[in-house]
Amino acid sequence: MSLYLDHAATTPLRPEARRALESWRDAANASAAHADGRHARTAVEQAREQVAAAIGCTPHEIVFTSGGTEADNLAVKGVVWAAAGRGVVPHVVTTAVEHAAVIEPLRWLASRGEIALTVVEAASDGRVDPERLVDAVRPDTVLVAVMAANNEIGAINDVASIATALADHPCVVHTDAVQMVATRNLDVATLGIDTMALSAHKFGGPQGVGVAYLRRGVPVVPLLHGGGQDRGVRSGTFAAGLIAACGAGLAAAEADRAALAARLEGFSDRMTQALTVLEGVTRTGPSATEHRLASHVHLLLEDVTSEALSLGLDSVGIAASGGAACGSGAAKPSHVLTAIGAHGTPLRLTTGWTTTAADIERAIDVLVDLLPRLRTSAAGVGGGLMNLAPVS
Ligand code: PLP
């Protein structure tokens, strides 16, 4: 087994989620009228209540999706399409550091002439200045999409201030909170947002299921047309087992959230202190604890190639990310690191609910030995290539 420090890409299933997944694996169709179908529907509705309780909304405002990507796409495209047809091209504001699940659908809409897009830059610590973002909003803006926390460097945005400043503007405020949910409170009323995306495999639920929070009254055009499940917003047979496990996983994560955040903060401090004393190793992201995720330590390595890093980590049995996990698995320049002007080869170490203090000490021992050796071996072959994107 490798030493797993890639919880931002996927965190292991929590036992509560595993039990739910097992018990609903053979569920009947949750839309069927017979007793077995009603039984499965109960599991779906219970999960909806668990999710609603965790983020402080009503169950009606929850739609289950196939993951964070679909939840983001549903909010972004759904809101834009609901605003279309008024004779003007809707305007959208987003940030340069959004996950691909937000920035790509927006670029796609812009390339088709369906929206006018303003992309606001982030500061060098990865955070977006709320004032700059709000200043980019125009009378014709229909959507503002700003991520709650960045998946690569863990920078947390002040979404609540942005939403408060836009409270009197009719635009929809969407936030991708996929990375925030395990360690931060995501009460939607406190955040003041209209739509939000979550992904179960980032908080101890299974892969392949996510959540779109759509505040009551926000018009959203469905992405999928078919049987009209989930009040017509998301057609397709309910994935009862995945949904039940998503609800159970989120309830468990929520109960553990404060303790987990405190534990991971300690791990993060310990790793940062032990690794940034090495030559050519710096930490990116905000310095203040309240502005960064407890789960993320994002380092930039000077004179180390991403290939050497990836081979080196494999050879010592550390599962970590040399960027964000991307769909193709291919290393490509990170738009986030490019946007903040960072240079060097990224190493993202992310912890989660299964990480122990012993794991951290082992990782430190191994990395303190490995990283300087990679640096030496890269010398003379043009080390320190460029900003490669981590997987997710
Ligand atoms: N948004 C962020 C910030 C993420 O980190 C991810 C993870 O990959 C996603 C969206 C996409 O979620 P999913 O993998 O469930 O499609």
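What counts and how
- Each chain carries its own residue numbering, running from 1 in the written order of its sequence.
- Restriction of local features to residues with pLDDT of at least 70 applies here, the model being predicted, together with a cutoff of 80 or more for giving and counting side-chain atom pairs; totals for whole chains, interfaces and linings are based on all residues.
- Heavy atoms throughout the structure, all of them, feed into the side-chain values; hydrogens and water do not.
- Strands here are runs of E lasting at least two residues and helices are runs of H or I lasting at least four, both read from the DSSP assignment and numbered beginning at the N terminus.
- Helix span, expected: 1.5 Å multiplied by one less than the number of residues in the helix.
- Type-normalised accessible area, obtained with a 1.4 Å probe on protein chains alone, sets the label of each residue: buried when under 20%, exposed when over 50%, and partly exposed for intermediate values.
- Residues are said to line a cavity or pocket when one of their atoms sits within 4 Å of a point; the points come from a 1 Å grid over protein atoms alone, cavities being sets where a 1.4 Å probe fits but cannot get out and pockets being open sets with protein on both sides within 12 Å along at least five of seven lines.
- Grid points are joined across faces, edges and corners, and a volume is the space filled by probe spheres set on the points.
- We call Asp, Glu, Lys and Arg charged. Ala, Val, Leu, Ile, Met, Phe, Trp, Tyr, Cys and Pro are nonpolar, and the rest, Gly among them, are polar.
- In plain terms, two cysteine sulfur atoms within 2.5 Å form what is called a disulfide here.
- Each polar contact in these results corresponds to two N or O atoms within 3.5 Å; when the atoms are within protein, one needs to be able to donate a hydrogen and the other to accept it, and residues that are neighboring in sequence are counted only if both atoms are side-chain atoms.
- Whether two residues are in contact is decided by their heavy atoms: any pair within 4.5 Å suffices.
- In this description, strands pair whenever DSSP reports at least two bridges between them.
- To get an axis, a line is fitted to the C-alpha atoms, and for a helix only the part in contact is used. The angle between two axes follows their N-to-C directions and goes from 0 to 180 degrees.

Between its first and last C-alpha, helix 3 (residues 68-83) extends 23 Å over 16 residues, near the 22 Å set by a 1.5 Å rise per residue. Of all 16 residues making up helix 3, 13 are buried, and the element is well covered by its neighbours. Following helix 3 by one or two positions, G85 adopts a phi angle in the positive range, close to 80 degrees.

Turning to empty space enclosed by the protein, a few remarks are in order. The final tally for this structure, using the stated rule, is two cavities of 30 Å³ or more. Of the volumes computed, that of the largest cavity is approximately 150 Å³. Sorting elements by how many residues they give to the lining of the largest cavity places helix 8 (residues 240-275) first, with three residues. The class makeup of the residues in the lining of the largest cavity is eight nonpolar, eight polar and two charged. Approximately 40 Å³ is the volume attributed to the second largest cavity. Around the second largest cavity sit E279, G280, V281, L301, E302, V304, L371, P372 and R375, which together line it. With three residues, the top contributor of residues to the lining of the second largest cavity is helix 11 (residues 357-378). When the residues that make up the lining of the second largest cavity are grouped by side-chain class, the tally is five nonpolar, one polar and three charged.

Further remarks concern the state of the cysteines. Going through the model one piece at a time under the given rule, you end up with zero disulfides. Sulfur of C171: no disulfide; nearest cysteine sulfur belongs to C57 and is 20 Å away. With no disulfide partner, C246 has as its closest neighbouring cysteine sulfur the one in C57, 12 Å distant.

Next up on the list: the side chain of T272. For T272, the position within the fold is in helix 8. A polar contact is formed between the side chain of T272 and the backbone oxygen of S268, at a distance of 2.7 Å.

The next subject is the environment of P222. Along the chain, the position of P222 falls in the loop between strand 8 (210-214) and helix 8. Judged by relative accessible area, P222 falls into the buried class, the value being 17%. For the pair formed by P222 and S235, sequence separation is 13 residues and the distance between their alpha carbons is 8.2 Å. Not counting residues within four places of it along the chain, the set of residues in contact with P222 comprises L74, G232 and V233.

In spatial order, the strands read 2-8-7-6-5-3-4; together these seven strands make up an open sheet with mixed pairing. Each end of this open sheet is capped by a strand with a single partner; those strands are strand 2 (62-65) and strand 4 (116-120). Neighbouring strand axes in the sheet, compared pairwise and without regard to direction, differ in orientation by 20 degrees on average. On top of the sheet, helix 2 (residues 35-55) reaches strand 2, strand 7 (195-199) and strand 8; it is set at about 115 degrees to strand 2, its chief contact. Strands in contact with helix 4 (residues 100-111) are strand 3 (91-95), strand 4, strand 5 (141-145) and strand 6 (172-176); relative to strand 3, the strand with the most contacts, it is inclined by about 145 degrees.

With that out of the way, let us pick up the sheet that holds strand 10 (residues 296-301). Strand order in this open sheet of three strands is 9-10-12, and the pairing throughout is antiparallel. For this open sheet the edge positions go to strand 9 (281-283) and strand 12 (345-350), each flanked by a neighbour on one side alone. Neighbour-to-neighbour, the strand axes of this sheet turn through a mean angle of 30 degrees, independent of strand direction. In terms of strand pairing, strand 9 meets strand 10 through three bridges, oriented antiparallel. Bridge pairing links R283 to L299 in strand 10. Sheet contacts for helix 8: strand 9, strand 10 and strand 12; angle to strand 10, the most-contacted strand, approximately 15 degrees. Lying on the sheet, helix 9 (residues 306-316) is in contact with strand 10 and strand 12; it crosses strand 12 at an angle near 30 degrees.

Don't take any of this as a statement about function, it's just geometry.
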